[in-house]
Amino acid sequence: MTDTPATRAAQATPVGVARKIKGLSDRAIAWIFVGPTIFLLLAINIFPLIWTINLSFTNFRANRLNREVDYIGLRNYERILTDSDIWLNMQATAHFLFWTIFFQVLIGFALAYLINKKFKGNDLWTTIIVLPMMLSPAVVGNFWKFLYQPQIGLFNYVVSFITGKDPSSFEMLGSVQLAPWSIVIVDTWMWTPFVMLICLAGLRSIPDYIYEAAEVDRASKLRQFFTITIPMVLPFLMLAVLFRGIENFKMFDLVVQLTGGGPGSTTELTSINLKREAFEKWRTGYASAYAIILFVTVFGLASIYVKALNKVKER
């Protein structure tokens with residue numbers, strides 16, 4: 001018998017334990033290995049969710065532990081859904097979501113389509129393009145905050161060179177009109193490569209013989225693009241939208257570094273507002289109800305979207 005780790009482990013196993021293990025089915029052995037992981041995931045994910053749901057029906061405040069906690073029913077949910085300021089935060093989040101996804105899909109697909117042509121230096125340009133998504137959002141936020149400075153920032157001078165305006169005549173982060181667009185630009189710059197990679201995977205999954213058959217049928221390049229490329233890449237595009245939509249709905253660190261939710265509350269996304277309610281105002285029960293509403297919103301929209309995605313895949 002060869003002296004291997006498995007052999008030594010078998011020899012070291014007590015006879016009684018070995019007999020019990022030998023009598024177990026493959027399914028039972030699988031559960032022995034998977035069980036601890038499942039238990040850990042349930043402890044990390046399910047218990048906090050149940051605890052948050054319980055807190056959402058109370059007036060609990062984490063900074064007043066000695067205060068008696070009262071169950072107030074659906075009052076927190078009612079206050080949230082009738083609060084005009086929260087609906088303004090929802091609008092700011094919707095604006096951020098729509099335009100970031102729009103530009104990232106548009107630019108990401110265009111870059112993937114160009115890179116798929118396999119020109120000279122293709123791999124080098126691909127590496128350069130994906131560099132932004134490898135950076136930390138905190139680093140990206142500080143980097144762009146410096147670029148947006150009206151006096152010394154490079155961004156204002158580039159805009160001035162193109163439009164002829166005075167570089168100090170506008171401030172991206174301090175303007176109510178421009179601040180929302182400043183975070184859209186940064187998020188698009190950072191995460192367009194992610195969408196590009198997904199689209200590139202979709203483009204390279206299309207068999208060459210389909211295009212060859214289309215050329216035999218004398219289909220133009222434009223017709224091939226709209227009848228072959230777009231339909232076959234559409235599931236990948238929808239998948240990219242799903243990933244970026246979920247991530248951007250909970251966007252926090254990048255916006256905090258850039259604007260902190262300002263000026264005023266112009267760029268105060270729901271995630272930032274939730275953090276302020278929970279850890280600045282210490283309205284823990286109220287913030288728990290807020291978190292549950294956001295969770296249900298994301299989960300519901302994502303479920304509907306996944307069903308649509310599955311239908312597209314089945315076509």
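Data block above holds the structure.
Residues numbered from 1 in each chain as written. Predicted model: local features only at pLDDT ≥ 70, side-chain atom pairs only at ≥ 80, totals over all residues. Heavy atoms only, no water.

Caption draft 1: Spotlight on the overall build of the protein chain. A count of helical and extended segments in the protein chain gives 14 helices and zero strands. The order of helices and strands in the protein chain, counted from the N terminus, is α-α-α-α-α-α-α-α-α-α-α-α-α-α. The globule rule puts the C-alpha radius of gyration for 315 residues at 20 Å, and the 27 Å found for the protein chain is more than 25% above it. Its C-alpha atoms put the protein chain at 85 × 75 × 40 Å along the principal axes. Buried positions account for 35% of the 315 residues belonging to the protein chain. Restricting the contact set of the protein chain to residue pairs at least 6 apart, pairs at least 24 apart contribute 67%. (Helix = DSSP H or I, 4+ residues; strand = E, 2+ residues; numbered from the N terminus. Rg over C-alpha atoms; globule rule 2.2 N^0.38 Å. Buried < 20%, exposed > 50% of the residue type's maximum accessible area, 1.4 Å probe, protein only. Contact = heavy atoms within 4.5 Å.)

Caption draft 2: Spatial organisation of helix α5 (residues 84–115). Across its 32 residues, α5 extends 46 Å between first and last C-alpha, which sits within 8% of the 46 Å expected from 1.5 Å per residue. Two or three places before D85, at the opening of α5, D83 has a side-chain oxygen 2.9 Å from that residue's backbone nitrogen. (Expected span 1.5 Å × (residues − 1). Polar contact = N/O pair within 3.5 Å; in protein donor to acceptor, adjacent residues only side chain to side chain.)

Caption draft 3: A look at the packing of aromatic side chains. Taken as a whole, this structure holds 22 aromatic pairs when the rule is applied. Both rings, one in F98 and one in W99, keep their centres 5.0 Å apart while their planes meet at 85°; by these two values the pair is edge-to-face. Given the relative accessible area of 27%, W99 is considered partly exposed. When the centroid spacing of 5.4 Å and the interplanar angle of 85° are considered together, the rings of Y113 and F225 count as edge-to-face. Here F225 lies in helix α11 (residues 221–249) and Y113 lies in helix α5, a separation of 112 residues in the sequence. (Phe/Tyr/Trp six-rings, centres within 6.5 Å; stacked < 30°, edge-to-face > 60°.)

Caption draft 4: Representation of the pattern of salt bridges in the model. A complete count under the given rule lists seven salt bridges for this structure. Salt-bridge contacts for R276 lead to E268; the nearest nitrogen and oxygen are separated by 2.3 Å. R283 serves as the salt-bridge partner of E277, at 3.0 Å between the closest nitrogen and oxygen. One salt-bridge network, in which partners are shared between bridges, spans E277, K281 and R283. (Salt bridge = Lys/Arg side-chain N within 4 Å of Asp/Glu carboxyl O.)

Caption draft 5: Structural context of the packing of helix α3 (residues 26–55) against helix α14 (residues 284–314). Between α3 and α14, whose axes approach to 7 Å, the crossing angle comes to 120°. Looking at the two axes, α3 sits oblique to α14. At the point where α3 passes α14, the crossing takes the left-handed sense. On the side of α3, the interface is formed by L49, T52, I53 and L55, while α14 contributes T284, G285, S288 and I292. Within the contact of α3 with α14, the residues separate by chemical class into four nonpolar, four polar and no charged. (Axes fitted to C-alpha atoms, helices over the stretch in contact; angles between N-to-C directions. Parallel < 35°, antiparallel > 145°, perpendicular 65-115°, else oblique. Left-handed = near helix turned anticlockwise from the far one by under 90°. Nonpolar A, V, L, I, M, F, W, Y, C, P; charged D, E, K, R; others polar.)

Caption draft 6: Examining the packing of helix α6 (residues 122–130) against helix α9 (residues 179–204) more closely. The contact between α6 and α9 brings their axes to 9 Å, and the two run at 140°. Like other packed secondary-structure pairs, α6 and α9 cross with a definite hand, here left-handed. Here α6 contributes N122, T126, I129 and V130 to the contact with α9, which in turn contributes P193, M196, L197 and R204. Classifying every residue of the contact of α6 with α9 gives five nonpolar, two polar and one charged.

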